[in-house]
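# Structure at a glance
In case you want the letters, here they are:
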Amino acid sequence: MNRPRREAAARRIMEQSPPRVPPELYADALRRGGRMLRRRTAARRLMWLLLAAAAAAFTVWALTVQPWVAPPSETTPPVTGWEGW
């Protein structure tokens, strides 16, 4: 099929009236769209709640463990300089 035939076929398709849509299709689409939006909103809220809980748990852990402080020494250092006393 050459280009003029394709263009003519495309024009014929575009000039035709659009197909009839069943009347109950709008109500179904509206119901499904609303359900999808509610699920998406609930999932987004759940993710924010989990993120906040993880941040709070990390903060509590960091404040109790204090990983930035060096651990106490397990052994005592050798005592030097006491011979002369």
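Computed from a prediction, not measured in an experiment: that's the story for all the values here.

Here the focus is the pattern of salt bridges. Enumeration over the complete set of coordinates arrives at two salt bridges. Between Arg3 and Glu7 there is a salt bridge whose closest N-O contact spans 3.0 Å. Linking Arg3 with Glu7, this pair stays in helix 1 (residues 3-15), spanning four residues, or about one helical turn. For Arg3, a relative accessible area of 58% puts it in the exposed group. For Glu7, a relative accessible area of 33% corresponds to the partly exposed category.

Attention shifts here to the packing of aromatic side chains. Taken as a whole and judged by the stated rule, the model has one aromatic pair. Their ring planes at 35° and their centres at 5.7 Å tell us that Phe58 and Trp61 sit as a pair that is tilted. In this pair, Phe58 and Trp61 are both assigned in helix 2 (residues 24-65), three residues apart and thus about one turn of the helix distant.

Here is what the cut-offs are and how they apply
- Residues numbered from 1 in each chain as written.
- Predicted model: local features only at pLDDT ≥ 70, side-chain atom pairs only at ≥ 80, totals over all residues.
- Heavy atoms only, no water.
- Salt bridge = Lys/Arg side-chain N within 4 Å of Asp/Glu carboxyl O.
- Helix = DSSP H or I, 4+ residues; strand = E, 2+ residues; numbered from the N terminus.
- Buried < 20%, exposed > 50% of the residue type's maximum accessible area, 1.4 Å probe, protein only.
- Phe/Tyr/Trp six-rings, centres within 6.5 Å; stacked < 30°, edge-to-face > 60°.

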